[in-house]
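Per-entry structural report
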There are 2 protein chains.
Amino acid sequence: MTKKTPLPKPVSYAPPKPLYERVKSHVLKRISSGEWPAYCRLPSEHTLVKDMGISRMTIHRALRELTQAGFLERIQGVGTFVASLKTAPKNLELKDIDQIVHSRGSKYSCKIHFLQAELADADAAKLIAVSEGDQVFRSYFVHCENDVPLMLEDRHVNAALFPEYLRMDFHDATAENCLSTRFALLSHEHSIQAKISDAEVSHFLALDTATACLVINRRTWFGERIVSTARMVYPGNRYQLN
Amino acid sequence: MTKKTPLPKPVSYAPPKPLYERVKSHVLKRISSGEWPAYCRLPSEHTLVKDMGISRMTIHRALRELTQAGFLERIQGVGTFVASLKTAPKNLELKDIDQIVHSRGSKYSCKIHFLQAELADADAAKLIAVSEGDQVFRSYFVHCENDVPLMLEDRHVNAALFPEYLRMDFHDATAENCLSTRFALLSHEHSIQAKISDAEVSHFLALDTATACLVINRRTWFGERIVSTARMVYPGNRYQLN
DNA sequence: GAGTGGTCTAGACCACATT
DNA sequence: ATGTGGTCTAGACCACTCT
């Protein structure tokens, strides 16, 4: 059989989504409409296979992805249930300082106040989980938006893990960037506080009066070890996280 | 062939992980060791099938999950690559106030200052995307840890979407809880600021002096519509996010 | 024992990109 | 034309739970 002119494609107003996506939509629609409320039991895979005329692997993939996304809970030998919706995650994504400044359409710059090796005192040793007296690297930067200070970054780096740190070029890349190009699979841990600026912060951020500041503390892990800990201080009147 | 006594299981010190998990570990190990750096091309699925003696669907599942997790990038017709690691997400999960207090081993309580219907002024209308003059619900709660104020919650609720709001029992469940049991598939949008307490905040949080506070603004969406907007104020000296 | 979900396979067809 | 990833199937075996 010879193929002549390809038939004009049948006009299709339904986007040709993969089958497993259609199964996911099918389930999500019933959840969001309230037809299947929290803790409600779903039809078994076998039943869905029969009802939808789709093979089990495809049904299973759809349900597995909805489970990974937190919409369903599955128990082997028991069944599939709509997840408790209290689980709705409330996440905030923290962006890098250079990205923040660029996304505001401003010019980014960074002033290096110091960048040196130190011997860890008790506090520093605790911050990056080394012994007191070990060598650590410390960087003290002020990140600016159109030359106005926007963030003070006081960072300790594990010298044993990242010996090249002092020789990096921090005008091309932030410390964050250096870390993520040097190490794969980093993970982060954060805490956020509100604090009044003290003399040190006011000086480096050029604040004339005491100002409420956002303080983000970030610990960066490479596997089981802490590579770096940073204290990042944003003046509350110049920046808000979002 | 008859099956008699099942052979004593071979002593295995390796945990019997599923094959696709082993494939994932295999790949992740090479990424984290630096053997496969960012942008490096991975062997094709076909090659992995041959090398590891595992079927293509299983290999494919492993690579798909690593892609979803952000470790790989795949291009149809081209190949699989190690993702740029700048993409490492830096997320902060925001917990519910009752969870926070309980996880600190303290007693949670909530004082309702008011809970009423109002006509939206310009500000309120903007907050939940209704027209000026529309009816909105407003709740004004102080959440306490061992009867010490820990958070002021000033909330506007779209009355058309959630008409039962005023009749809920807020001693059993927080407003957040009510929202998530009433609506499935909510999504949230946040901003975080640092602000000095003003007279209103100082009064309701029982602060004797001006204090730096964390202010979290949360908008809660149900599909395309805003259900509720909340301003949550935490005194910086009593709480930090983590 | 019957029903559930979890994994795995071998093979198939497709869309896409490169040569 | 070849090689890549994306999807889908039919059937299989397993571990688990409930009755």
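Note that residues are indexed from 1 along each chain, following the sequence as it is written. Whichever chain is written first is A, and whichever ligand is written first is 1; the rest continue in order. It should be noted that, the model being predicted, local features are given only for residues of pLDDT at least 70 and side-chain atom pairs only at 80 or more, the latter also being counted only at that level, while totals for whole chains, interfaces and linings use all residues. In computing side-chain values, all of the structure's heavy atoms are included and hydrogens and water are not.

To continue, consider the domain arrangement of chain A. What counts as a domain boundary in this text is fixed by an automatic or database domain assignment. When cut into domains, chain A gives domain 1 (19-87) and domain 2 (97-235). For domain 1 of chain A and domain 2 of chain A, the distance between their C-alpha centroids amounts to 44 Å.

Here we come to the interface of chain B and chain A. With 42 residues of chain B at the interface, the matching set in chain A holds 41 residues. Throughout, the accessible surface (probe 1.4 Å) given up by two parts as they are put together, summed over both, is called the buried area. The contact between chain B and chain A buries some 3,800 Å² in all, and 62% of this surface belongs to carbon and sulfur atoms. The largest per-residue losses of area from chain B upon contact with chain A belong to Lys90, Leu92 and Leu185 of chain B, which jointly make up 20% of the total buried on that side. In what follows, salt bridge is the name for a side-chain nitrogen of Lys or Arg lying within 4 Å of a carboxyl oxygen of Asp or Glu. Where chain B touches chain A, the interface holds six salt bridges. With a closest N to O distance of 3.0 Å, Lys90 of chain A and Asp96 of chain B form a salt bridge. A run of H or I in DSSP counts as a helix once it spans at least four residues, and a run of E counts as a strand once it spans at least two, with each numbered from the N terminus. Of all the elements in the fold, those that place two or more residues in the side of chain B that touches chain A are helix H1 (19-32), helix H3 (56-68), strand S3 (91-93), helix H6 (175-182), strand S7 (186-196) and strand S8 (212-222) of chain B. Among the elements that make up the side of chain B that touches chain A, the one with the highest residue count is S7 of chain B (eight residues). The criterion for strand pairing is that DSSP finds at least two bridges linking the strands in question. Across three bridges, the pairing between strand S3 (residues 91-93) of chain A and S3 of chain B is antiparallel. Bridging from a neighbouring strand, Leu92 of chain A pairs with Leu92 of chain B of S3 of chain B. Any two residues whose heavy atoms approach within 4.5 Å at even a single point are treated as in contact.

Let us now look at the pattern of salt bridges. Applying the stated rule across the entire model yields 38 salt bridges over all chains. With a closest N to O distance of 3.2 Å, Lys107 of chain A and Asp147 of chain A form a salt bridge. Note that Lys107 of chain A is positioned in the loop between helix H4 (97-103) and strand S4 (108-119) and Asp147 of chain A in the loop between strand S5 (135-145) and strand S6 (148-158), a separation of 40 residues in sequence. Remark: exposure states derive from per-residue accessible area (1.4 Å probe, protein chains only) relative to the maximum for the residue type, with buried under 20%, exposed over 50%, and partly exposed in between. The exposure class assigned to Lys107 of chain A is partly exposed, which follows from its relative accessible area of 43%. Among the ionic pairs, Glu200 of chain B bridges to Arg231 of chain B, the shortest N-O distance being 3.1 Å. Residue Glu200 of chain B is found in helix H7 (residues 199-204), and its partner Arg231 of chain B is found in strand S9 (residues 225-235); the two are separated by 31 residues along the sequence. Via salt bridges that share partners, Lys90 of chain A together with Asp96, Glu153, Arg155, Glu176 and Arg218 of chain B belong to a single interconnected network.

We call a residue near a molecule or strand when any one of its heavy atoms sits within 4 Å of it. Around DNA strand C, 25 residues are found, and the nearest of them are Arg56 and Met57 of chain A together with Leu19, Tyr20 and Thr58 of chain B. Within 4 Å of the protein, atoms of DNA strand C come from sugar and phosphate in 65% of cases. We define a polar contact as two N or O atoms separated by no more than 3.5 Å, with the added condition that, inside protein, one atom must be a possible hydrogen donor and the other a possible acceptor, whereas residues neighbouring each other in sequence contribute only through side-chain atom pairs. Glu45 of chain A places a main-chain nitrogen or oxygen 2.9 Å from a phosphate oxygen of DNA strand C. Within the side chain of Gln76 of chain B, an N or O atom sits 2.8 Å from a base nitrogen of DNA strand C. Secondary structure elements with two or more residues in the surface near DNA strand C: helix H3 (56-68), strand S1 (72-75) and strand S2 (79-82) of chain A together with H1 and H3 of chain B. If one sorts the elements of the surface near DNA strand C by residue count, H3 of chain B sits on top with four residues. Amino acids outside the nonpolar list (Ala, Val, Leu, Ile, Met, Phe, Trp, Tyr, Cys, Pro) and the charged list (Asp, Glu, Lys, Arg) are all regarded as polar, and Gly is one of them. Taken together, the residues of the surface near DNA strand C break down into nine nonpolar, 10 polar and six charged.

Below, the discussion takes up the sheet that holds S8 of chain B. Residues and elements named next belong to chain B. Within the open sheet, the six strands sit side by side as S4-S5-S6-S9-S8-S7. Their pairing is antiparallel. Two strands in the sheet have a free side with no partner beyond their single neighbour: strand S4 (108-119) and S7. On average, each strand axis in the sheet is inclined to that of its neighbour by 15°, with strand direction left out of account. Note that strand S5 (residues 135-145) and strand S6 (residues 148-158) share 10 bridges and pair antiparallel. When the sheet's bridge partners are listed, Tyr140 is paired in S6 with Asp154. Between N-to-C directions, angles span 0 to 180 degrees; the directions come from axes that are lines fitted to C-alpha atoms, helices contributing only their stretch in contact. Relative to the sheet, H6 contacts S5, S6, S7, S8 and S9, its axis offset from that of S6 by approximately 40°.

A few words now on the environment of Ser139 of chain A. Residues and elements named next belong to chain A. Mapped onto the fold, Ser139 is located in strand S5. A residue is classified by how much of its surface remains accessible, and Ser139, at 0% relative accessible area, is buried. Each C-alpha atom, one on Ser139 and one on Phe71, is 43 Å from the other, the two residues being 68 residues apart in sequence. At 2.9 Å, the side chain of Ser139 forms a polar contact with the side chain of Tyr165.

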